[in-house]
Amino acid sequence: MTVSSVVVVGGGIAGVSTVAELRKSGYAGELTLVSRDGFPYDRPPLSKAYLAGEKPLDAIALQRPDWYAEQRITLVGGADAVSVRPDAGEVELADGRVLRADRIVLATGGRAILPAIARVRRDVSVGLPMGNGQDRPVVSPIHVLRDVADADRLRTQLVPGARLLIVGAGLIGAEVASTARGLGCEVVLVDPLDPPLAAAVGIEVARWLHGLHAAHDVETVTTAVEALMATSTGIAAQLKGERDSREFDVVLLAVGLVPETGLAEAAGLETSRGIVVDEVQVTSHSSVLAVGDCARLRDHHRAEHWEAAHLDGARAAATILEIAPPPATAPWWWSDRYGLHLEGVGEMRTPDAEHESVVRGVVGEPPFSVFTLRGERVVGAVSVDDPNAVRAARRMIDRAVGVRAVDLADPSTDLRKLLRGAR
Ligand SMILES: Cc1cc2nc3c(=O)[nH]c(=O)nc-3n(C[C@H](O)[C@H](O)[C@H](O)COP(=O)(O)OP(=O)(O)OC[C@H]3O[C@@H](n4cnc5c(N)ncnc54)[C@H](O)[C@@H]3O)c2cc1C
């Protein structure tokens, strides 16, 4: 069937990539992007330059405002899709409008997880303005960070000297700790894992990265936060294992993401920790695709990284147009903290009978990188201030190039030569 109308729900990188790639690949039919947030913007700066006040909203736009009209994309901004009807090929918006589509692409992303401690004793709603009894809304001191509104609310409270508790020392919690230190806040970072992020970067790098917080006067505590209580001056946090609670002015809950699957579930599509898709982004209904943080390839973890969402969009466009998908590539991500640039690709593994960890340079003395090798095959790599190493590692993984640990470990080896098979 020739596709002549496509509706994409969700204006994050996955949704924007889908519409951009459709047009780039020659799709000439109707194309509609439903974006709850208005003009789509990029999320990674929300914990970095945007939160720091170094970049305004228009500097983090995914596309120029006039790009949508130039590309003949109908941007339905500030709109919520409330229902999708796959058999009828319809998407219904909150204002009652019904959009017709031969193909529907769900790019609905996810919401920040609200752990049980978010139910604060006394009435403090997470991240939302609350009344102060004098008709003037004040911003709640308890936050999550997923969108611009979250970042704006958090930013108003990250004033010099503010006591900030961050619950969760994953990538976003760590980035906010770094940004908040730059803004002059006192930061306590709590996570039960010791060290956090070991699964993503390997134990050695994880330990060093976590230690960086203390080097920047962030107190790290390895435990869980058991309760948050509103007090007359802020928020008291009870940390597991501590006798007395601690007082904070601001709290950020950074404990992960729940995929936004509500529309898909209501439409009867298969969901399980995400909207379940096949290798070409098609859901359990052949005319509905799902991309980005909301989607999960069966038997795989959700990626939850920017580039994965971008590539999903390109793959969905190719599926709709029945053209060859972009070549598969190992998953890649980046993060920044305390002026250091971190990148990762593939899968980092704890050394065991099958896997070996190879350090290039010295862990703790950037630039350096660490590779996971299975036999002579690289399966994962992380780098600090050495993106070329990760770029080379990605090619090694994608092309299944055989390499020797001794060559990888030698900083004088040109990794591009290893790629060509020369030693
Ligand atoms: C603070 C922060 C920092 C990050 N930093 C990095 C980083 O440094 N490196 C990295 O690799 N990744 C990073 N990420 C992750 C990356 O940004 C995400 O993986 C990516 O944004 C996912 O894109 P998406 O389009 O799938 O979802 P989203 O960006 O969540 O977009 C989904 C959109 O759909 C909208 N939507 C949902 N339901 C509806 C509906 N019913 N109707 C209309 N619209 C709807 C949402 O409002 C949202 O705008 C970061 C994420 C955050 C939050």
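Sequence order sets the numbering: in each chain, residues are counted from 1 along the sequence as written. Given that the model is predicted, a residue must reach a pLDDT of at least 70 before its local features are reported, and side-chain atom pairs must reach 80 or more before they are shown or counted; all residues, however, enter totals for whole chains, interfaces and linings. To get the side-chain values, all heavy atoms of the structure are used, and hydrogens and water are removed first.

## Looking at the site of the ligand
- We call a residue near a molecule or strand as soon as one heavy atom of that residue lies within 4 Å of the molecule or strand. The environment of the ligand is formed by 33 residues, the closest being Asp37, Arg43, Lys48, Arg146 and Asp293.
- At a separation of 3.2 Å, an oxygen atom of the ligand approaches a polar backbone atom of Ile13.
- Here an oxygen atom of the ligand sits 3.5 Å away from a polar atom, N or O, in the main chain of His305.
- Within the complex, 95% of the 1000 Å² of free accessible area of the ligand lies under protein. Each polar contact in these results corresponds to two N or O atoms within 3.5 Å; when the atoms are within protein, one needs to be able to donate a hydrogen and the other to accept it, and residues that are neighboring in sequence are counted only if both atoms are side-chain atoms. In short, Shrake-Rupley with a 1.4 Å probe defines the accessible areas, and a residue's cover is counted only from the protein chains shown.

## Some points on the packing of aromatic side chains
- Note on ring pairs: Phe, Tyr and Trp rings are taken, using the six-membered ring of Trp, and paired if centres are within 6.5 Å. Classes follow the plane angle, with under 30 degrees stacked, over 60 edge-to-face and the rest tilted. Tallying each qualifying case throughout the model produces 5 aromatic pairs.
- An aromatic cluster of at least three residues, connected via ring pairs, comprises Phe39, Trp67 and Tyr68.

## Section: the sheet that holds strand S13 (residues 186-190)
- Taken together, 5 strands build an open sheet; the order of strands is S11-S18-S12-S13-S14 and the sheet is parallel. If you trace the sheet from one side to the other, it starts and ends with strand S11 (142-143) and strand S14 (219-221), each paired once.
- Against the sheet, helix H4 (residues 171-182) makes contact with strand S12 (163-167), S13 and strand S18 (250-253), and its axis sits at roughly 170° relative to S13, the strand it touches most. A pair of strands is considered paired only if DSSP assigns at least 2 bridges between the two. Secondary structure elements follow DSSP: runs of H or I no shorter than four residues count as helices, runs of E no shorter than two count as strands, and numbering proceeds from the N terminus. Contacts are assigned to residue pairs that have any heavy atoms within 4.5 Å of one another. What counts as an axis is a line fitted to C-alpha atoms, over the stretch in contact for a helix, and the angles between N-to-C directions run from 0 to 180 degrees.

## Remarks on helix H9 (residues 387-399)
- Taking 1.5 Å per residue, 13 residues should reach 18 Å; H9 reaches 18 Å between its end C-alpha atoms and fits that length.
- Taken as a whole, H9 has its buried residues at Ala389, Val390, Ala392, Ala393, Arg394 and Met396. Every helix has an expected span of 1.5 Å times one less than the residues it contains. Working definition: with a 1.4 Å probe on protein chains only, accessible area under 20% of the residue-type maximum means buried, over 50% means exposed, and in between means partly exposed.

## Observations regarding the pattern of salt bridges
- Salt-bridge detection follows one rule: a side-chain nitrogen of Lys or Arg within 4 Å of a carboxyl oxygen of Asp or Glu. Going through the model one piece at a time under the given rule, you end up with 27 salt bridges.
- The partner of Asp217 in a salt bridge is Arg181, with the nearest N and O atoms 3.9 Å apart. Residue Asp217 is located in the loop between helix H6 (203-215) and S14, and its partner Arg181 is located in helix H4; the two are separated by 36 residues in the primary sequence.
- Note on Arg181: relative accessible area 27%, which makes it partly exposed.

## Some remarks on the sheet that holds strand S24 (residues 340-346)
- Pairing is antiparallel across the open sheet formed by 5 strands, whose spatial order is S23-S24-S27-S26-S25. Pairing within the sheet leaves two strands with one partner each, and these edge strands are strand S23 (332-337) and strand S25 (355-360). This sheet shows a mean twist of 15° between the axes of neighbouring strands, independent of strand direction.
- Across the face of the sheet, H6 comes into contact with S23, S24, S25, strand S26 (368-374) and strand S27 (377-384) while running at roughly 25° to S23.

## Notes on the domain arrangement of the protein chain
- Bear in mind that the domain bounds are from an automatic or database domain assignment. Assigned domains within the protein chain: domain 1 (5-111 + 257-321), domain 2 (116-253) and domain 3 (339-419).
- Each of domain 2 and domain 3 has a C-alpha centre, and these two points are 33 Å apart.
- Throughout, the accessible surface (probe 1.4 Å) given up by two parts as they are put together, summed over both, is called the buried area. Taken over both partners, the interface formed by domain 2 and domain 3 buries close to 840 Å², and the fraction arising from carbon and sulfur atoms is 78%.
- Linking domain 2 with domain 3 are 0 salt bridges.
- For the pair domain 2 and domain 3, the number of links is 0 residue pairs in polar contact (both at pLDDT 80 or more).
- Sorting the residues of the side of domain 2 that touches domain 3 by element identifies helix H5 (198-201) and H6 as the ones contributing at least two each.
- Residue contributions to the side of domain 2 that touches domain 3 peak at 5 residues, all from H6.

## Focus on the packing of helix H1 (residues 13-24) against helix H8 (residues 306-321)
- H8 packs onto H1 with a crossing angle of 40° between their chain directions and a minimal axis gap of 7 Å. Between H1 and H8 the crossing geometry is right-handed. Where H1 abuts H8, its residues Ile13, Ala14, Ser17, Thr18, Glu21 and Leu22 lie against Trp306, Ala309, His310, Gly313, Ala314, Ala316, Ala317, Ile320 and Leu321. Crossing handedness is defined as follows: a turn of the near helix away from the far one that is anticlockwise and smaller than a right angle gives a left-handed crossing, while the clockwise case is right-handed.

## Observations concerning the side chain of Arg315
- Looking at the element boundaries, Arg315 is found in helix H8.
- Under the relative-accessibility criterion, Arg315 is labelled buried at 18%.
- In contact with Arg315, other than residues within four places in its own chain, are Glu279, Val280, Gln281, Pro325 and Pro326.

## So, H1
- When the terminal C-alpha atoms of H1 are compared, their 16 Å separation across 12 residues agrees well with the 16 Å that a helix rising 1.5 Å per residue should span.
- Within H1, 11 of the 12 residues are buried, leaving the element largely enclosed by the surrounding structure.

## Re the pairing of strand S15 (residues 225-230)
- By the criterion of burial, S15 is predominantly enclosed, with 5 of the 6 residues buried.
- Sheet topology places S15 next to strand S16 (residues 235-239); 5 bridges connect them, and they run antiparallel. Looking at S16, one finds that Ala227 is bridged to Gln238.
- Between the end of S15 and the start of S16, which pair antiparallel, lie 4 residues.

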